[in-house]
Amino acid sequence: MTLTEIYDKLSNGQALTAGEKGFYREKIYRKLAGQMMGKWSLIKDFADYQTLSQLQKSIRGGVIADDASVSDQIVLYQYDRKANEIDNDLTDLMIGVGVVVDTLIINFTDEQIGEDRSVRSFFTYITGNAYFNQPNTAGYQWTAPGGEGLQGTFRIDLTTFEQGTISLLDNLSQFIDFQQTRPDIDEAKAEEILDTTIYELLPGFQTRQERIDNFFAEYEALKGNKPEFHDMDGDGQPDTWADPTAEDTYETGHDIAHDSNEGFINRDDDSAGITVDSNKTLEYLRNDLNDYLLDKDYAAGAGADDGLPVYENVSSGFLKIRNLNQAIIVRNLESNDVGLGTRDDPTWQSTGFTITMWVKFLDRVSTGTLFNFGNPLRTIDPYGFMLETFVAKKTSDTTFDIPGYYEDVTMGDPGQSTWEPHWAFSESDTERFIRLVVRDENDDIRDSHIGGSYSIAPELFMPALHRRDTREGNPDVSYTSTALEQDDHRVFNYTRVPVDLQEWYFIVATYDKDYKEDQYIEDPAYYSDPDFWKWNVIPGTDPVQYTSASGYGNKCKVEIISKTDLLRARGYRL
């Protein structure tokens, strides 16, 4: 219910319900009370009232008394109209006239005041606008200019109503007086007696640990989802962080810069032209935390000597091959020789070769050729050599796959000769390997796998070159397949690459036909010694003598070193 609804009914000549009349009367009393409070100084001047408490009522002896003392319970009514029931005749007249509440004005005058300072006439009449719904009667005057809606103004003479002037003061009994002065307090003495820290008015106190717990809880909620690789060009190689069709990625508006209601912390300050505070991003947090963990880097060897120089890249950039199936074709436009001889005169078979390259693996599962000259494993007219990477992927607690070669390989038991090495799948569900495969001058297959003991029991070994078949019925002469093709567990005999997607690796692949390999294949003193097959052990020495180039071991060898280890070995600080 609103006054507007009541005015609409009055202007249309409709009668009000009892509830509407009560609501209407309450609004009238509140307006009159406001008028009187605004002129309280005049009321005090005309009457013997100094404070509002003189007008308040109290409960005394179970009944309502017209005065109140300090110890009495003050009477406050839920509705102003309950405190002024004696004035119902006056308000009934106003309701009958249809007053517009906001236009009500109490008019004060000092005329006709007796020597006894009679309070009867210190406010003498009420004026305002009204919707007249009854004829002019004694007690008020009105003018009616005609027209729709508001019909005219009125004046009600309060002297017409017995006790009308006095009883309106009951409106003021609903107000509570307040002290306008305060005593002086000696603050020094007060602090000696009173506890001036009022904890009830302070926000909830948190311990330091609670603040830390809340910080990490908020971070977990606001850091967002990890971006994932997506293959945007469909070539089988993950090549971007963004998938424009996916939900919940930073690139589709789920950082706070794009979505102020549901977004997460910005990853960086590169947000498609949207202003981002660079000091409030995940990238900022990462860089800031680095300064607080320098001791950890030191302990890990990354900053072992602060006096060492920081390495600066010499080259301004590098050539990026985004996919293992992409390649660079090296050609000699003047002849068929690219430095390795020709198909009819393969000088590399007699001189050997060394291939070096920097490689960074962007995922854990991609496989393919890193470098090749011909194809030594093809069925028709095999020729040349290749440097290849492949993976073993754990599929359950008891099986693993070698994509492109084997599926559902059963893991061995410690009591079997096919027991996996202790490091297999210890850091990830995948293991990456690199191998060099060469077809030599005798049309035999050579590759870079080595021997090694994969158990605490010395007799449980993986033989070094277990790869012979029965071509022409002579297993001691023919080498027509790689070790991996002979036995699925030989996957662990190749050069392993640690799983670190942020690291660069320098690969050195060498073929030297002069190294003595075949005569030591079945020698039990060396077939399970990786150092022997990597050219580092001189056979027949006791104690064992180590060297960098013994002349014995695999004709094919692959070695790797990370950029981190290489720079540290060269005396640089990372």
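The structure presented is a predicted model; accordingly, all values stated were derived computationally and were not measured.

Parameters at a glance
Along each chain, numbering runs from 1 in the same order as the chain's sequence is written. Totals for whole chains, interfaces and linings use all residues, but because this is a predicted model, local features are given only for residues with pLDDT of at least 70 and pairs of side-chain atoms are given and counted only at 80 or more. To obtain the side-chain values, all non-hydrogen atoms of the structure were used and water was disregarded. Helix and strand assignments come from DSSP, with helices taken as H or I runs of at least 4 residues and strands as E runs of at least 2, each series counted from the N terminus. Think of a polar contact as two N or O atoms within 3.5 Å of one another; within protein, one of them needs to be a possible hydrogen donor and the other a possible acceptor, and neighboring residues in sequence only count if both atoms come from side chains. What makes a nonpolar core is a set of buried Ala, Val, Leu, Ile, Met, Phe, Trp, Tyr and Cys residues whose side-chain atoms join them at distances within 4.5 Å. Categorising residues by exposure relies on relative accessible area from a 1.4 Å probe, with only protein chains included: less than 20% of the type maximum marks a residue as buried, more than 50% marks it as exposed, and the intermediate range marks it as partly exposed. Any two residues having at least one pair of non-hydrogen atoms within 4.5 Å are treated as being in contact. Candidates for patches are residues over 30% relative accessible area with no salt bridge; among them, like charges are joined within 9 Å and nonpolar side chains (Val, Leu, Ile, Met, Phe, Trp, Tyr) within 5 Å. Under the convention used here, a 1.4 Å probe and the Shrake-Rupley method define accessible areas, while residue burial counts only the protein chains that appear. By convention in these notes, a salt bridge is any Lys or Arg side-chain nitrogen within 4 Å of a carboxyl oxygen on Asp or Glu. One less than the number of residues in a helix, times 1.5 Å, gives the span that helix is expected to have. On a range of 0 to 100, pLDDT expresses the predictor's confidence in each residue. Strands were regarded as paired on the criterion that DSSP finds at least two bridges between them. Each axis is a line fitted through C-alpha atoms, taken for helices only over the stretch in contact, and angles between the N-to-C directions span 0 to 180 degrees. Ring pairs are drawn from Phe, Tyr and Trp, using the six-membered ring of Trp, whenever the two centres fall within 6.5 Å, and their geometry is named by plane angle: stacked under 30 degrees, edge-to-face over 60, tilted for the rest. Counting as a charge over the ring demands two things of the Lys NZ or Arg CZ atom: a distance within 6 Å of the ring centre and an angle within 35 degrees of the ring normal.

### Observations regarding the side chain of Asn-554
Here's step 1: Position of Asn-554 relative to the elements: it lies in the loop between strand S20 (545-546) and strand S21 (556-562).
Here's step 2: Separated by 2.6 Å, the side chain of Asn-554 and the backbone oxygen of His-449 make a polar contact.

### A few points about the nonpolar core
Here's step 1: If you look at the biggest cluster of nonpolar residues, it comprises 29 residues, and the most contacted ones within it are Tyr-7, Tyr-24, Ile-28, Met-94, Val-99, Ile-126 and Phe-154.
Here's step 2: The set of elements that each furnish at least two residues to this core consists of helix H1 (3-11), helix H2 (18-38), helix H3 (40-46), helix H4 (88-97), strand S4 (105-108), strand S5 (123-130) and strand S7 (152-157).
Here's step 3: Here this core gets five residues from one element, more than from any other, and that element is H4.
Here's step 4: Residue contacts for Met-94: discarding those within four places in its chain leaves Ile-28, Leu-32, Val-99, Ile-126 and Ile-156.

### Some words on the side chain of Thr-510
Here's step 1: Inspection of the secondary structure assignment puts Thr-510 in strand S18 (residues 505-511).
Here's step 2: Judged by its relative accessible area of 13%, Thr-510 falls in the buried class.
Here's step 3: Here the side chain of Thr-510 touches Thr-354 through a polar contact of 3.4 Å, side chain to side chain.
Here's step 4: Ignoring any residue separated from it by four or fewer positions in sequence, one finds Thr-510 in contact with Phe-353, Thr-354, Leu-436, Trp-535, Lys-555, Cys-556 and Lys-557.

### As for a nonpolar patch on the surface
Here's step 1: A cluster of nonpolar side chains, Tyr-284, Leu-285, Leu-289, Tyr-292 and Leu-293, forms an exposed patch at the surface whose accessible area comes to about 490 Å².
Here's step 2: Tyr-292 sits in the exposed class, given a relative accessible area of 61%.

### A few points about H2
Here's step 1: Across its 21 residues, H2 extends 31 Å between first and last C-alpha, which sits within 8% of the 30 Å expected from 1.5 Å per residue.
Here's step 2: Buried within H2 are the following residues: Glu-20, Gly-22, Tyr-24, Arg-25, Glu-26, Ile-28, Tyr-29, Leu-32, Ala-33, Gln-35 and Met-36.

### Here's the deal with the confidence of the model for the protein chain
Detailed reading of the predicted coordinates is not advisable wherever pLDDT is low.
Here's step 1: Scored by pLDDT, the protein chain comes out at a mean of 75, with 66% of its residues at no less than 70.
Here's step 2: When mean pLDDT is compared element by element in the protein chain, S18 scores highest at 96, while strand S16 (residues 461-462) scores lowest at 39.
Here's step 3: Ignoring residues within four places in sequence, the model shows residues 455-474, a span with pLDDT below 50, making 68 contacts including any to other chains.

### Some remarks on the sheet that holds strand S8 (residues 353-359)
Here's step 1: The sheet built from three strands is open, its strands ordered S8-S18-S21 with antiparallel pairing. In the strand order of this sheet, the two ends are held by S8 and S21, each with one partner. Sheet twist, expressed as the average angle between the axes of neighbouring strands with direction ignored, equals 15 degrees.

### As for the environment of Ile-95
Here's step 1: Structurally, Ile-95 can be placed in helix H4.
Here's step 2: Taking the C-alpha atoms as reference points, Ile-95 and Lys-21, 74 residues apart in sequence, are found 7.5 Å from one another.
Here's step 3: The residues contacting Ile-95, other than those within four sequence positions of it, are Leu-16, Lys-21, Tyr-24, Arg-25 and Ile-28.

### Remarks on the packing of aromatic side chains
Here's step 1: Evaluation of the coordinates by the stated rule reveals 23 aromatic pairs.
Here's step 2: Between the aromatic rings of Trp-423 and Phe-433, the centroid separation amounts to 6.3 Å while the plane-to-plane angle is 50 degrees, which identifies the pairing as tilted. With a gap of ten residues between them, Trp-423 in the loop between strand S12 (406-410) and strand S13 (430-439) and Phe-433 in strand S13 connect regions that are remote in the sequence.
Here's step 3: In this structure Trp-423 comes out as buried when scored by relative accessible area, which is 19%.
Here's step 4: Clustering of aromatic rings is evident, with ring pairs tying together Phe-390, Phe-400, Tyr-405, Trp-423, Phe-425, Phe-433, Phe-492 and Tyr-494.
Here's step 5: The aromatic ring of Tyr-552 is capped on one face by Lys-516, whose charged end is 5.6 Å from the ring centroid.
Here's step 6: Across the ring face of Trp-535, the terminal group of Lys-557 is positioned such that the distance to the ring centre comes to 4.0 Å.

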